[in-house]
Amino acid sequence: MNFFERQERAKRKTTLLILLFCLGTIGVCTAVSYTVGVIFAHDSFDDFSYSPVFIFQTMPLEIFLILFFGSLTIIAAGSLIKISQLSANSGAFIARSLDGRLVAKNRADAKEAMLLNVVDEISIASGIPSPSVYILENDNTINAFAAGITYDDAVIGVTRGAVEFLTRDELQGVIAHEFSHIFNGDMKLNIRSIGILNGILFISLLGEIIMRSLSKSRNKKGGGGLLLIGLALYVIGYIGLFFGNLIKAAINREREYFADASAAQFTRYPTGLSNALKKIGFANSIISSAKADEFSHLYFSNGVKKFFSFSTHPPLEKRILALEPKWDGKFIVPKPIKVQTNRKKTEAKKETPKIITAAALLYEIDNIGTLNAESLQNAEHKIAQIPPALYTAVSDKIKVQLVVFALLLDADKAVRKEQQNIVKDNFLEAVNDFEEIQREISHEDLTLTLIQLGMPTLKTLTKEDYLKFKTTVERLIECDKVVSWFELNIKHLVLYPLDILFGLQKIPNEIYSSIFAVNFEVSALLSIITYGQLKDEKKALEAFEKIMHIADVSKARYIPFENISLNSLENVFAKIRQCKPLLRKKILEISIYALKSDGKFDAHDMLSVHALSSLLHLPI
C-alpha cells in the first residue's frame with residue numbers, strides 16, 4: 001500500500017470515525033429531547049409514562065425539532081470552534097501548549113543534535129518537509145508525538161527523557177513511528193476527534209451554566225424544571241463524552257499498531273523501536289503538562305494515567321511482542337547515553353551517494369513513506385555534503401534567509417550586483433554572513449537539500465519577518481526582468497508552503513478525480529516543461545505526444561510556448577491543486593516523464609520535481 005493509497009485509507013477511516021461520532025451525536029440530541037419531554041410531561045398527564053413512544057407522542061413535533069436541532073447546533077458549534085482553534089495554531093501551538101521548547105541546530109547540545117540529525121535523515125529519505133522539533137524539558141520520562149494538520153505544518157515533539165535515555169537506533173524507531181502518523185493522515189483525524197468531543201462536552205457545559213445560574217438566582221420559584229433540565233444536560237453530555245472517548249481510544253489503538261509496523265518497515269530494525277518500548281516499560285511515559293490529557297491520543301506511549309478502557313494506546317507488552325515475538329518479558333533499565341554525532345560518522349564514509357534517476361524517482365513515488373536502509377543512507381550522504389557553516393546557517397533565522405537569497409544570485413555580474421545591493425539594503429547587519437554564505441555555496445546540487453533543511457527554521461519567522469523575506473525573494477527574482485524556471489522552482493518550493501502557514505493562501509478543497517477535468521491545465525504544464533527541456537517547438541511537440549501516449553491521456557493537446565507563459569502557471573496550479581491525491585500523483589508522474597524528455601535527469605530536474613510536489617501538495 002503506497003502513500004496515496006494510505007491517504008485514501010486514512011480518509012475512509014476519518015469517515016468511519018465521523019460516522020460513529022455522528023451516531024453518538026444523534027443519540028445525545030435524542031436523549032436531550034426525550035429528557036426534556038419527560039420533565040415537562042411528568043406533571044401534565046395523569047397517565048404519565050416514561051415510554052419513549054408516549055413522550056414523543058405527547059411532545060409537539062416543533063418542540064422536539066427545536067430541542068433536537070438546538071442540541072445539534074450546540075455540538076456543531078463546539079466542534080467547529082475547537083477544530084478552527086487547533087487548525088489555526090497547528091502543530092507548533094500543540095507543542096507549546098505541552099511546554100515544548102523549539103530546538104535549533106546552532107544551539108543544540110550533542111544529544112539534541114543527534115535528535116535533529118535523525119529527524120533530518122528520515123525527512124529527506126521519506127520525501128516530506130523536515131518538521132520543526134520541540135523538546136518537553138519538564139519531562140524526564142520517555143515519550144514523543146507528532147502534531148499538525150498536514151506534513152507541511154507538522155512538528156515532532158520528544159520528552160527530555162527520550163533524548164537522554166534512548167540510543168540513536170531507538171530514537172530513530174520512535175521518530176519513524178511519529179513520521180508514520182504524518183504519512184497516514186492521523187494528525188487531521190486527531191484534530192477532528194478532539195473537535196467533536198469538545199462539541200459533545202458543550203452540552204454538559206450548557207447544563208452546568210443553567211444549574212449555576214439557577215443556584216445564584218434569588219427567584220427560584222418555578223425553577224425546578226429548569227434545574228432538572230440543566231442536570232440532565234450535564235449528565236447526558238458526560239455520558240456522550242464517555243462513549244465518544246471509548247470510540248476515539250479504540251481507533252487510536254489500531255493506528256498505534258499500524259504506526260509501529262510502519263516504523264519497523266521504515267528502519268528495517270524493529271529492535272530499536274521495541275527497545276524504546278522496553279525502556280518505557282521499566283520507567284514511564286507520563287507527560288506533566290496541565291494540557292497533557294487533551295492531547296493524549298497524540299503520544300508515542302500513554303502520556304496520562306487513565307483506566308484501561310480509555311487507554312489511547314495498546315498495552316506495551318502487546319506492542320513489544322508484535323515487534324519481537326520471542327521477547328523474554330524483561331524491560332530495560334534506562335541509562336544516560338553517550339553520543340557520537342551522526343554527522344561525524346557519516347562524513348567518515350567514503351561511499352558515493354546513489355544518484356536518483358527519473359526511472360528510480362518514479363519508483364520512489366510509488367514507495368513514498370516506505371523507507372529502507374538505502375534511502376536512509378542516501379539521506380545521510382546528502383546531509384554530509386553540506387559544509388558545516390551552511391549546516392549551521394539553515395537553523396539560524398537570519399542566516400537561513402541569506403542562504404535562500406544566495407541561491408537566487410544571477411550568473412550575470414550586473415544583475416548579481418543589483419541583487420546583492422537589495423540584500424544589503426534589507427539585511428545590512430548580516431552583510432558579512434551573506435558574503436561567507438555565498439563562498440560556501442560551491443555548487444547548485446546543494447540547493448534542494450539546503451531548502452529541505454532550512455524550511456523548519458523559516459517556519460519560525462514572525463509574519464512580519466516572513467513578509468519582508470518574501471518581498472526580498474520576489475525582488476531578487478525580478479531583477480533581470482525575466483522569471484526563469486529555476487527561480488520559479490525556488491519560489492514555489494519555499495514561498496508557497498510558507499504562504500499557507502502564514503495564512504496568505506489556503507489549501508484548496510479536493511474536487512477533481514478525473515484527469516479530463518483538468519485537461520487544459522495538464523496540457524499547459526506539460527507543454528511548458530517539454531519546451532523548457534528541449535528549447536525546440538517541433539521536438540517539444542513530439543516529446544509531448546509520446547508522453548501523452550505513455551500516460552494514456554488522449555485529450556491533452558500541446559500548447560505552443562508563445563501562447564503560454566511561466567506566470568500563467570499560477571492559474572494552472574490553482575486548479576490542479578484541487579485534484580484528489582491519486583490524480584495529483586498521476587500528474588506528477590507525467591511531469592517527471594516530461595522532465596526527462598531531453599534524455600537526462602540532473603539536480604535541476606530533481607529541484608523541479610520537488611517544486612511541483614510542493615505546489616501539488618504531495619511528498620516526494
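Rules used throughout
- Residues numbered from 1 in each chain as written.
- Predicted model: local features only at pLDDT ≥ 70, side-chain atom pairs only at ≥ 80, totals over all residues.
- Heavy atoms only, no water.
- Pairing = 2+ DSSP bridges.
- Helix = DSSP H or I, 4+ residues; strand = E, 2+ residues; numbered from the N terminus.
- Axes fitted to C-alpha atoms, helices over the stretch in contact; angles between N-to-C directions.
- Contact = heavy atoms within 4.5 Å.
- Parallel < 35°, antiparallel > 145°, perpendicular 65-115°, else oblique.
- Left-handed = near helix turned anticlockwise from the far one by under 90°.
- Core = buried A, V, L, I, M, F, W, Y, C linked by side-chain atoms within 4.5 Å.
- Buried < 20%, exposed > 50% of the residue type's maximum accessible area, 1.4 Å probe, protein only.
- Expected span 1.5 Å × (residues − 1).
- Phe/Tyr/Trp six-rings, centres within 6.5 Å; stacked < 30°, edge-to-face > 60°.
- Lys NZ or Arg CZ within 6 Å of the ring centre and 35° of its normal.
- Patch = residues over 30% accessible without salt bridge, like charges linked within 9 Å, V, L, I, M, F, W, Y side chains within 5 Å.
- Areas by Shrake-Rupley, 256 points an atom, 1.4 Å probe, with all protein chains shown as cover.
- Salt bridge = Lys/Arg side-chain N within 4 Å of Asp/Glu carboxyl O.
- Lys, Arg positive; Asp, Glu negative; His and termini not counted.
- Charge placed at Lys NZ, Arg CZ, Asp CG, Glu CD.
- pLDDT = per-residue confidence, 0-100.

Spatially, 1-2-4-3 is the arrangement adopted by the 4 strands of the open sheet, whose pairing is mixed. With partners counted over all chains shown, the strands left at the sheet margins are strand 1 (100-102) and strand 3 (144-147), one partner each. Direction aside, neighbouring strands of the sheet carry axes that sit 25 degrees apart on average. Both strand 2 (residues 132-136) and strand 4 (residues 155-159) contribute to a ladder of 5 bridges, which runs parallel. Note on strand 4: the bridge partner recorded for isoleucine 135 is valine 158. With respect to the sheet, helix 4 (residues 110-126) is in contact with strand 1, strand 2 and strand 4, its orientation differing from that of strand 2 by roughly 145 degrees.

Here helix 24 (residues 581-595) crosses helix 25 (residues 603-615) at 160 degrees, and the two axes come no closer than 10 Å. It follows that helix 24 is roughly antiparallel to helix 25 by the angle criterion. At the point where helix 24 passes helix 25, the crossing takes the right-handed sense. On helix 25, the residues touching Leu588, Ser591, Ile592 and Leu595 of helix 24 are Asp605, Ser608, Val609, Leu612 and Ser613.

Glancing now at the nonpolar core. One finds Ile175, Phe469 and Leu525 to be the most contacted residues of the largest nonpolar core, which totals 128 residues. For this core, the element with the most residues is helix 20 (residues 485-501), which contributes 9 residues. When residues no more than four places from it in sequence are discounted, the contact partners of isoleucine 175 are Leu115, Val118, Val119, Ile122, Ile156 and Val158. One finds Val155, Ile194, Leu298 and Tyr299 within the second-largest nonpolar core, a separate group that totals 17 residues.

Turning to helix 18 (residues 447-458), a few remarks are in order. Here helix 18 is 12 residues long and its end C-alpha atoms lie 15 Å apart, about the 16 Å a rise of 1.5 Å per residue gives. The buried fraction of helix 18 is high, at 12 of 12 residues. Residues of helix 18 that are buried include every one of Thr447, Leu448, Thr449, Leu450, Ile451, Gln452, Leu453, Gly454, Met455, Pro456, Thr457 and Leu458, and no others.

Before going further, it helps to examine the packing of aromatic side chains. According to the stated counting rule, one finds 8 aromatic pairs in the structure shown. A ring pair is formed by phenylalanine 145 and tyrosine 299, whose centres lie 6.4 Å apart and whose planes are at 70 degrees; its orientation type is edge-to-face. Linking phenylalanine 145 in strand 3 with tyrosine 299 in the loop between helix 9 (270-282) and helix 10 (316-323), this pair joins segments that are 154 residues apart in sequence. A relative accessible area of 1% means that phenylalanine 145 is categorised as buried. Ring geometry for phenylalanine 544 versus tyrosine 558: centroids 5.6 Å apart, planes at 70 degrees, classification edge-to-face. Linking phenylalanine 544 in helix 22 (residues 537-551) with tyrosine 558 in the loop between helix 22 and helix 23 (569-576), this pair joins segments that are 14 residues apart in sequence. Site record: aromatic cluster; members linked through ring pairs are Phe405, Phe427, Tyr466, Phe469 and Phe502. Its guanidinium or amino end placed over the ring of phenylalanine 300, arginine 319 lies 4.9 Å from that ring's centre, counting from NZ or CZ. Note that lysine 468 overlies the ring of phenylalanine 427, its terminal NZ or CZ placed 4.6 Å from the centroid.

It is worth spelling out the pairing of strand 2 at this point. The element strand 2 is largely enclosed, with a buried count of 5 among its 5 residues. By the alternation rule, side chains of strand 2 split into Ser132, Tyr134 and Leu136 and Val133 and Ile135, which are all buried. Pairing geometry for strand 1 and strand 2, over 3 bridges, is antiparallel. Across the sheet, arginine 101 pairs through a bridge with isoleucine 135, a residue of strand 2.

Once that is clear, we can look at a negative patch on the surface. Together, Asp536, Glu537, Glu542, Glu545 and Glu562 make up a region of like negative charge exposed at the surface. Among the secondary structure elements, glutamate 545 is positioned in helix 22. Note on glutamate 545: relative accessible area 49%, which makes it partly exposed.

Mean pLDDT over the chain stands at 79; residues scoring 70 or higher make up 82%. This stretch, residues 341-356, has a pLDDT under 50; its non-local contacts, to residues over four places away or in other chains, come to 31 contacts.

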